[in-house]
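Structural description and commentary
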Amino acid sequence: NSPAPLPERAIYGFALFLGSWFGFILYLIWAYVPETWLFSLGLTYWPQKYWAVALPAYLLVAIGIGYILLFGINMMSTAPLNSTDTITDNYAKKQQQKKFQEDAIPALRDIPISEVNRMFFLPEK
Amino acid sequence: EERWYRSASGAPLALRRRQHSASCRELALRCPRLRLRSLSAATSAAWLAAYGLFLLTENSTVLSAAIIITMIGLIMYLHFVKIDQESLLVMGSLGIQVTSSYASGKESTTFIEMSQVQDVVINEAIHMQKVIYYLCILLQDPGNPQGVSEVVPLFQSSKPRLDCLIEVYKSCQEILEQRKMAPQSS
């Protein structure tokens, strides 16, 4: 799974390069060549040229709204100040206590908030 | 005694501690009063906007509507939004009482029985693109003695900073420790 260059990756890259150039030239032809010329070539069922302008406009507005939407979704999903999600969650409630071993580093666990507060804010004399 | 601290937004707050007895303490946090300059700035801005609308629409009811709206808005702000003082009364073995008094004189009180209170802690949480410290009461879960059923945040509108919260926390813990040491009577 290394990101090193491989022959297959080179082929995929070149195919995508050619495909994207082809798509771009096709888009320019669709947008700029007059309809009568396209009809005379027999291409009568292409979408309206209105969409050659409308789709990029839609895309840019969607990207702009996406920034605002992401911001808003983040704000909505932060837990309010009065919910228990700020203190504990399912994993912390169901954790099992490992046995205490002498001279070993204590096992990793979620320490209850009362204990943390006592350690931080009540100085032991 | 009274001491001065700062709120999270920088406004000065006054914390007053009173010891009524060995197991009863009251902590009152006074918020800054409504300033005359911000009140007159808001009123002038609203009335200038209304005058601009009046010049545009040539309708004089816009002016009287603006006056009435600013009056009613000010009264509702003083009665429902602007908190003057928030106080915490901790009575060992009885309960905790939280009072908020508004600028119009209204007081709203909440009392929590001591058997429901598991602990009073300082918690950190994300609030509007900031991480703030706030004091909260943890209510006990009736089924599970270690569990927390509800979190009641305190001092929500004054939002004191950590130094003030540590003082309040230490005062509350001195009273709450007494109930662990004397569990003879329920």
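Residues numbered from 1 in each chain as written. Chains lettered and ligands numbered in written order. Predicted model: local features only at pLDDT ≥ 70, side-chain atom pairs only at ≥ 80, totals over all residues. Heavy atoms only, no water.

**Digging into the nonpolar core**
Residue and element names in this part refer to chain B. Filter applied, for reference: By nonpolar core is meant a set of buried Ala, Val, Leu, Ile, Met, Phe, Trp, Tyr and Cys residues that side-chain atoms within 4.5 Å join together. Using a 1.4 Å probe on the protein chains alone, a residue whose accessible area is under 20% of its type maximum counts as buried, one over 50% counts as exposed, and one in between counts as partly exposed. Only runs of H or I of at least four residues qualify as helices and only runs of E of at least two qualify as strands under DSSP, and these elements are numbered from the N terminus. Note on contacts: a residue pair is in contact if any heavy atoms of the two residues lie within 4.5 Å.
Core analysis: the largest hydrophobic core is formed by 28 residues, its most contacted members being Leu88, Ile96, Leu135, Ile137 and Val168. If you list the elements that add at least two residues to this core, you get strand S2 (12-21), strand S3 (24-30), strand S4 (83-91), strand S5 (95-102), strand S7 (117-126), strand S8 (131-140) and helix H3 (162-181). Counting residues per element, this core draws most heavily on H3, which supplies seven residues. Setting aside its immediate chain neighbours within four residues, Leu135 contacts Leu88, Val120, Val121, Ile122, Val152, Pro153, Leu154, Phe155, Leu165, Val168 and Tyr169.

**Considering the side chain of Thr70 of chain B**
All names here are of chain B. The test is simple: Throughout this description, a polar contact denotes any pair of N or O atoms lying within 3.5 Å of each other; where both atoms belong to protein, one of them has to be capable of donating a hydrogen while the other can accept it, and for residues adjacent in sequence the pair is counted only when both atoms sit in side chains.
Structurally, Thr70 can be placed in helix H2 (residues 61-81). Within the local environment of Thr70, its side chain forms a polar contact with the side chain of Trp47, the two groups lying 2.9 Å apart. Contact partners of Thr70, with chain neighbours within four places excluded, come to Thr43, Ala46 and Trp47.

**Quick word on the UniProt feature "domain: PIG-P" (unreviewed entry) in chain A**
Note the following rule: UniProt positions are given in the numbering used here, feature names are shortened, and annotations may be inferred rather than shown by experiment.
Taking the numbering used here, the UniProt-annotated feature "domain: PIG-P" (unreviewed entry) corresponds to residues 9-121 of chain A. Within the segment residues 9-121 of chain A, helix and strand shares are 63% and 0% respectively, and the terminal C-alpha atoms sit 58 Å apart.

**Some remarks on the packing of helix H5 (residues 113-121) of chain A against H3 of chain B**
Here is the rule we go by: To get an axis, a line is fitted to the C-alpha atoms, and for a helix only the part in contact is used. The angle between two axes follows their N-to-C directions and goes from 0 to 180 degrees. When the near helix sits turned anticlockwise from the far one by under a right angle, the crossing is termed left-handed; a clockwise turn instead gives a right-handed crossing. When residue character is reported, Ala, Val, Leu, Ile, Met, Phe, Trp, Tyr, Cys and Pro are called nonpolar, Asp, Glu, Lys and Arg charged, and the others, Gly included, polar.
The contact between H5 of chain A and H3 of chain B brings their axes to 11 Å, and the two run at 115 degrees. With respect to the hand of their crossing, H5 of chain A and H3 of chain B are arranged in left-handed fashion. On H3 of chain B, the residues touching Ser114, Asn117, Arg118 and Phe121 of chain A of H5 of chain A are Leu162, Ile166, Tyr169, Lys170 and Lys180 of chain B. Among the residues making up the contact of H5 of chain A with H3 of chain B, the classes are represented as four nonpolar, two polar and three charged.

**Description of the packing of aromatic side chains**
All names here are of chain A. Stated formally: Stacked, tilted and edge-to-face are the three classes assigned to paired rings of Phe, Tyr and Trp, where Trp is represented by its six-membered ring and a pair needs centres within 6.5 Å; plane angles under 30 degrees give stacked, over 60 edge-to-face, the rest tilted.
Counting across every chain of the model gives seven aromatic pairs over all chains. Centroid distance Tyr27 to Trp30: 6.0 Å. Interplanar angle 70 degrees. Geometry classified as edge-to-face. Pair noted here: Tyr27 and Trp30 are both in helix H1 (residues 7-32), with a separation of three residues, about one helical turn. Under the relative-accessibility criterion, Tyr27 is labelled partly exposed at 30%. Classification of Trp30 by relative accessible area gives buried; the value is 13%.

**Observations concerning the UniProt feature "transmembrane region" (unreviewed entry) in chain A**
Residue and element names in this part refer to chain A. Residues given the UniProt feature "transmembrane region" (unreviewed entry) here are residues 12-30 and 50-73. End C-alpha atoms of residues 12-30 are separated by 27 Å, and the span's content is 100% helix alongside 0% strand. Within residues 50-73, the helical portion is 100% and the strand portion 0%, while the C-alpha atoms at the span's ends are 33 Å from each other.

**A short note on unusual backbone geometry**
Residue and element names in this part refer to chain B. Positive phi values are uncommon outside glycine, yet Gln129 reaches one of about 60 degrees. Secondary-structure assignment places Gln129 in the loop between S7 and S8. Non-glycine residue Lys159 carries a positive phi angle of around 45 degrees. Relative to the assigned elements, Lys159 resides in the loop between strand S9 (148-153) and H3.

**Thoughts on the sheet that holds S2 of chain B**
All names here are of chain B. Using the following cut-off: At least two DSSP bridges between two strands are needed for those strands to be called paired.
Here we have six strands laid out as an open sheet, ordered S1-S2-S3-S4-S5-S6, and antiparallel in their pairing. Each of the sheet's edge strands pairs with one partner strand only, and the pair in question is strand S1 (2-6) and strand S6 (107-113). Sheet twist, expressed as the mean angle between neighbouring strand axes with direction ignored, is 15 degrees. Note: S2 against S3, seven bridges, orientation antiparallel. Residue pairing in the sheet places Ala14 in a bridge with Arg30 of S3. The strands touched by H3 are S1, S2, S3 and S4; relative to S3, the strand with the most contacts, the crossing angle is about 165 degrees.

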